[in-house]
Amino acid sequence: MSRIAYVNGSYVPHAQASVHIEDRGYQFSDGVYEVWAIQNSKLRDHQQHLTRLQRSLSELDIPFTHTNRSLNMILGEVIRRNRVRNGMVYLQITRGVAPRDHSWAKDIIPSIVVTAKSVDPAQAANRAKTGVSVITLADLRWKRRDIKSVSLLPNVLAKQSARDKGAFEAWLVDEEGFVTEGTSSNAWIITQDNVLVTRSVNSDILSGVTRLSLLELAKELQLKTEQRKFTIDEAKQAKEAFISSATTLAMPVVKIDKSVIGTGSPGMAAQRLREAYIAQGYV
Ligand code: PLP
């Protein structure tokens, strides 16, 4: 079955889907994106992603030219046309096409692209059984990481370094030695006295939608939580660690650089949170 993408009002074969060379997303990475997990044909944390999208757009002064209803129809249609039951949907809104100039005219029409793809849940389940390793790298990003911007160069370079070293993710570290987040995920540890710790939200990190859902779940599971910074050293001495995102859900981390975390196998709390989050998607 051929894949279908949505581009500026049309549903087109994925292989032919394109935007103009003077799209400001292409030339300046002047745009934002969202990623939803699709579980059992439903969008996970649907409204929370929409809310974050609108905030990202508003912070960059890019107009939201759709209603939630029409955007939802597009997302649903792309998912339907690609027959995705489990997988992800990607939405990108850039400021639009204009003659290249750093400043922009106020009347540019934003470009909207939506794609969807199936992901075999068994693959992630297997990864979660063994856990993943992460490396740590300096956080070289700009100071507005709360905006889900398509400007991801430091993230992609760090992710590639991780993959080149056989790791799944890179944890980025600020100038004071505190972990900010992963290149495409939030970072968590569970201390030796069973406190779930993740960095509090401000412009240092992206406010992960999955992070928020897991914090809610942690409350229901009566896990003690703290939203605060932690250092690489604290992480390396933690009982457990994991990452969260729409695509990885809660994914246990068993190694940070050369340090084995806990027993070297996925920890109980991370596994409970992962299972509870997945179970919620079938309700
Ligand atoms: N932090 C960064 C830098 C990300 O790119 C992502 C997701 O792509 C996340 C955190 C996790 O966010 P979410 O849980 O909304 O997918």
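Before reading further, recall that the structure is shown in the block above.
Attention in this report is confined to the structure presented alongside it. (Residues numbered from 1 in each chain as written. Predicted model: local features only at pLDDT ≥ 70, side-chain atom pairs only at ≥ 80, totals over all residues. Heavy atoms only, no water.)

## Digging into the site of the ligand
The full set close to the ligand counts 18 residues, and Arg52, Glu181, Val209, Thr210 and Ala246 are the nearest of them. Lysine 148 places a side-chain nitrogen or oxygen 2.9 Å from an oxygen atom of the ligand. Here an oxygen atom of the ligand and a backbone polar atom of valine 209 are 2.8 Å apart. Look at the ligand: alone it shows 390 Å² of surface, and the protein chains cover 94% of it. Its residues assigned to classes, the shell around the ligand comprises four nonpolar, 10 polar and four charged. When residues are assigned to domains, the shell around the ligand turns out to be shared by domain 1 (4-119) and domain 2 (124-280), each giving three or more. (Near = heavy atom within 4 Å. Polar contact = N/O pair within 3.5 Å; in protein donor to acceptor, adjacent residues only side chain to side chain. Areas by Shrake-Rupley, 256 points an atom, 1.4 Å probe, with all protein chains shown as cover. Nonpolar A, V, L, I, M, F, W, Y, C, P; charged D, E, K, R; others polar. Domains from an automatic or database assignment.)

## Section: helix α8 (residues 268-280)
In this model, α8 (13 residues) spans 18 Å end to end at C-alpha, consistent with the 18 Å of a helix rising 1.5 Å per residue. Taken residue by residue, α8 has Ala269, Ala270, Leu273, Arg274 and Tyr277 as its buried positions. With its buried residues spanning 135 degrees around the axis, α8 presents them on a single face. Exposed residues on α8 whose side chains face more than 90 degrees from its buried face are Met268 and Glu275. (Helix = DSSP H or I, 4+ residues; strand = E, 2+ residues; numbered from the N terminus. Expected span 1.5 Å × (residues − 1). Buried < 20%, exposed > 50% of the residue type's maximum accessible area, 1.4 Å probe, protein only. Arc of directions from axis to C-beta.)

## Here's the deal with the environment of alanine 122
Mapped onto the secondary structure, alanine 122 falls in helix α4 (residues 121-130). Overall, the relative accessible area of 38% leaves alanine 122 in the partly exposed class. Linking alanine 122 and glycine 9, residues 113 residues apart in sequence, is a C-alpha distance of 34 Å.

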